[in-house]
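# Residue-level structure breakdown
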Amino acid sequence: MKPVKIGFLGFGTVGQGAAVVLARNANEISRRAGRQIIVKSAVVRDINRTREAGLEEVKLSTDPLDVVNDPEIDVVVEVMGGDEPSRTLLLQAIANGKHVVTANKALIARFGNELFEAARERSVSVAFEAAVAGGIPVIKSIREGLAGNKIHWLAGIINGTSNYILSEMRDKGRDFSDVLQEAQELGYAEADPTFDVEGVDAAHKLTILASIAFGVPLNFDAVYIEGISGISREDTAYAEELGYRIKHLGIARDTGGGIELRVHPTLIPERRLIANVDGVMNAILVQADAVGPTLYYGAGAGAEPTGSSIVADIMDAARGASAAVDNRVPHLAFQHDALSEIRVASPGEFETSFYLRIQVDDKPGVMADISRILAEEDISIEAIIQKEPAAQSTTVPIILLTRKIVEGAMDAAISKIEALSSVEGEVKRIRVESLG
Ligand code: NAP
Ligand code: HSE
């Protein structure tokens, strides 16, 4: 069978990772795909930069049109990142009848609806396994493996950089900024690392997961986003005292009255498997009606793990190239005309338990005031830790764990607690999920 020719837009961490995997496992890959896969060319910014050894046969260029308009290229792999020129180049590749593979979650989350529509019109595919959770085949698993299920919720550690930072802070007491710098050096972080630490990257991935789980169009703007930059070592330590770990989670839940889409630090009971997913590893827990809970675990970032997903997508594109568009697996798991707009819940409607850290004057009656306010909002307390004041300090931290409550009630209680003259500064609040 005729070989499939590939052109890369971008040849950095992920691009070279994919090319190395294609070269090393060429025999395995062609035996599975039924044809050879050849990397013809790659577009970069700096043609003189040193690349991985063994990739000398790949023709480098600085003009993206050398790939996008090359009639010999069957599949364009976009691993440049960013919105533009990636979006325009992929639309051009699609218009030229090429299949597209991308690791760019920001692009899919924000412009996927447009790209999929263009691809359907030209009977080509847009594949994006590498965009969510690096090397874990979670898109394929949900889209195809769970196709017979109704999915109730999913919750995932879907940003490797944040998980790496939280793990190193907890296990080794390391500084936030040191660990972030290391994650950048290891090739895990985004070009703009605030995307990682402020939760934006996880929100891009959650947008994609929610669409394939619930059959809704991609809607990045509807995701509630909080990152890990406000998490301190003391919160990590208090969480441990209470039997929890703090993880940065993306959560999509069908509540029956709408869907919750949220990304934020979360306390999870330490006995849960997902609470023990450390370093750059990712894991996604999916609760579905027929199969029950399933957990998908693996490397969430890095050259070859992400390259592994890219290669699988290239092979799918190569095999499915001749299939009629209606006979392919739909981009978002559900047929394009069967996607439905489901109401997205506002943050005030989210229902979770809470961890609260409140710095108060070390005097009698303060806890009574706080308990009264929580009772007024119908909030029950599950656990309390009260510490001795540090040397020379007149204030102490009180740590509370509450039962489940809608977030609107918690907002009201926190405003009243912060207004007490015996309370210093803002109340630190972290959501708690049992994931049971
Ligand atoms: P990277 O190492 O910075 O590589 C980007 C590549 O694109 C480089 O080769 C760069 O050229 C080239 N490039 C960027 N802008 C260009 C332009 N305007 N014209 C031509 N070439 C351009 O990035 P990466 O880590 O591989 O990430 C690529 C994509 O994969 C991003 O969307 C990212 O979110 C996603 N992703 C990354 C990971 C990961 O672990 N790193 C995992 C999953 C998904 P030079 O080499 O000359 O600089
Ligand atoms: N910056 C991303 C992360 C890369 O750390 O998870 C993988 O998508």
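Residues numbered from 1 in each chain as written. Chains lettered and ligands numbered in written order. Predicted model: local features only at pLDDT ≥ 70, side-chain atom pairs only at ≥ 80, totals over all residues. Heavy atoms only, no water.

### Some thoughts on the packing of helix α4 (residues 86-95) against helix α5 (residues 105-121)
Running from amino to carboxyl end, α4 crosses α5 at an angle of 20°, the nearest separation of the two axes being 10 Å. The angle between the axes of α4 and α5 places the two elements in the roughly parallel class. Once α4 is placed against α5, the crossing between them reads as right-handed. On α5, the residues that touch Ser86, Arg87, Leu90, Leu91 and Ile94 of α4 are Leu107, Phe111, Glu114, Leu115, Ala118 and Ala119. Looking at the contact of α4 with α5, its residues break down into eight nonpolar, one polar and two charged. (Axes fitted to C-alpha atoms, helices over the stretch in contact; angles between N-to-C directions. Helix = DSSP H or I, 4+ residues; strand = E, 2+ residues; numbered from the N terminus. Parallel < 35°, antiparallel > 145°, perpendicular 65-115°, else oblique. Left-handed = near helix turned anticlockwise from the far one by under 90°. Contact = heavy atoms within 4.5 Å. Nonpolar A, V, L, I, M, F, W, Y, C, P; charged D, E, K, R; others polar.)

### Brief notes about the pairing of strand β15 (residues 395-402)
Taken across its eight residues, β15 has eight buried, putting it largely inside the fold. Residues Thr395, Pro397, Ile399 and Leu401 of β15 are buried on one face, and the alternating residues Val396, Ile398, Leu400 and Thr402, pointing to the opposite face, are buried as well. Where strand β13 (residues 351-361) and β15 come together, seven bridges link them in antiparallel fashion. Across the sheet, residue Asp361 finds its bridge partner in β15, namely Thr395. Bridge count for strand β14 (residues 381-386) against β15 is five bridges, and the pairing is antiparallel. Bridging across to β15, Ile384 finds its partner in Leu400. (Buried < 20%, exposed > 50% of the residue type's maximum accessible area, 1.4 Å probe, protein only. Pairing = 2+ DSSP bridges.)

### Overview of the packing of α5 against helix α10 (residues 200-214)
Helix-helix packing is characterised by the crossing angle of the two axes and by the distance between the axes. In contact at an axis separation of 8 Å, α5 and α10 are set at 50° when each is read in the N-to-C sense. The orientation of α5 with respect to α10, classified from their angle, is oblique. The interaxial crossing formed by α5 with α10 has left-handed handedness. When α5 is examined against α10, the residues Lys105, Ala106, Ile108, Ala109 and Arg110 are found in contact with a partner set consisting of Asp201, His204, Lys205, Thr207 and Ile208.

### Quick word on the sheet that holds strand β1 (residues 4-9)
Strand order in this open sheet of six strands is β3-β2-β1-β4-β5-β6, and the pairing throughout is parallel. Looking along the sheet, the strands with just one partner apiece sit at the ends: β3 (59-61) and β6 (126-127). Examined bridge by bridge, β1 and strand β2 (residues 37-43) share six bridges and lie parallel to one another. Directly across from Leu9, in β2, lies its bridge partner Val43.

### Overview of the site of ligand 2
Residues in close proximity to ligand 2 include Lys105, Asn159, Gly160, Thr161, Tyr188, Ala189, Glu190, Asp196, Asp201, Lys205, Gly300 and Ala301, which together make up its full environment. One of the side-chain nitrogen or oxygen atoms of Glu190 is found 2.7 Å away from a nitrogen atom of ligand 2. In this structure, Asp196 approaches ligand 2 through a side-chain N or O atom, which is 2.7 Å from a nitrogen atom. When ligand 2 sits alone it has 260 Å² of accessible area, and the protein chains cover 94% of it. Here the residues of the shell around ligand 2 are counted per class, giving three nonpolar, four polar and five charged. (Near = heavy atom within 4 Å. Polar contact = N/O pair within 3.5 Å; in protein donor to acceptor, adjacent residues only side chain to side chain. Areas by Shrake-Rupley, 256 points an atom, 1.4 Å probe, with all protein chains shown as cover.)

### Thoughts on the domain arrangement of the chain
You can read the domains of the chain as domain 1 (4-135 + 303-330), domain 2 (138-299) and domain 3 (350-432). In this structure, domain 1 and domain 2 have C-alpha centres spaced 26 Å apart. The interface of domain 1 with domain 2 comprises 20 residues on the first partner and 19 residues on the second. For the pair domain 1 and domain 2, the summed buried surface comes to about 1,700 Å²; carbon and sulfur atoms form 65% of the total. Applying the counting rule to domain 1 against domain 2 returns three salt bridges. Here domain 1 and domain 2 share eight residue pairs in polar contact (both at pLDDT 80 or more) between them. Those elements giving two or more residues to the side of domain 1 that touches domain 2 turn out to be α5 and α12 (303-320). Here the element with the most residues in the side of domain 1 that touches domain 2 is α5; it accounts for eight residues. Partitioning the side of domain 1 that touches domain 2 into residue classes produces 11 nonpolar, five polar and four charged. (Domains from an automatic or database assignment. Buried area = accessible area lost by both parts, 1.4 Å probe. Salt bridge = Lys/Arg side-chain N within 4 Å of Asp/Glu carboxyl O.)

### Overview of the site of ligand 1
Taken together, 23 residues surround ligand 1, and among them Asp46, Arg49, Arg51, Glu190 and Gly302 come closest. Between ligand 1 and the protein, one listed contact pairs an oxygen atom with a backbone N or O atom of Arg45 at 3.0 Å. Alone, ligand 1 offers 900 Å² of accessible surface; in the complex the protein occludes 85% of this. Of the residues belonging to the shell around ligand 1, the class tally is nine nonpolar, eight polar and six charged.

### So, the nonpolar core
In this structure, Val138 and Ile142 are the most contacted members of the largest nonpolar core, which totals 54 residues. Considering each element in turn, this core owes the most residues, nine residues, to α10. (Core = buried A, V, L, I, M, F, W, Y, C linked by side-chain atoms within 4.5 Å.)

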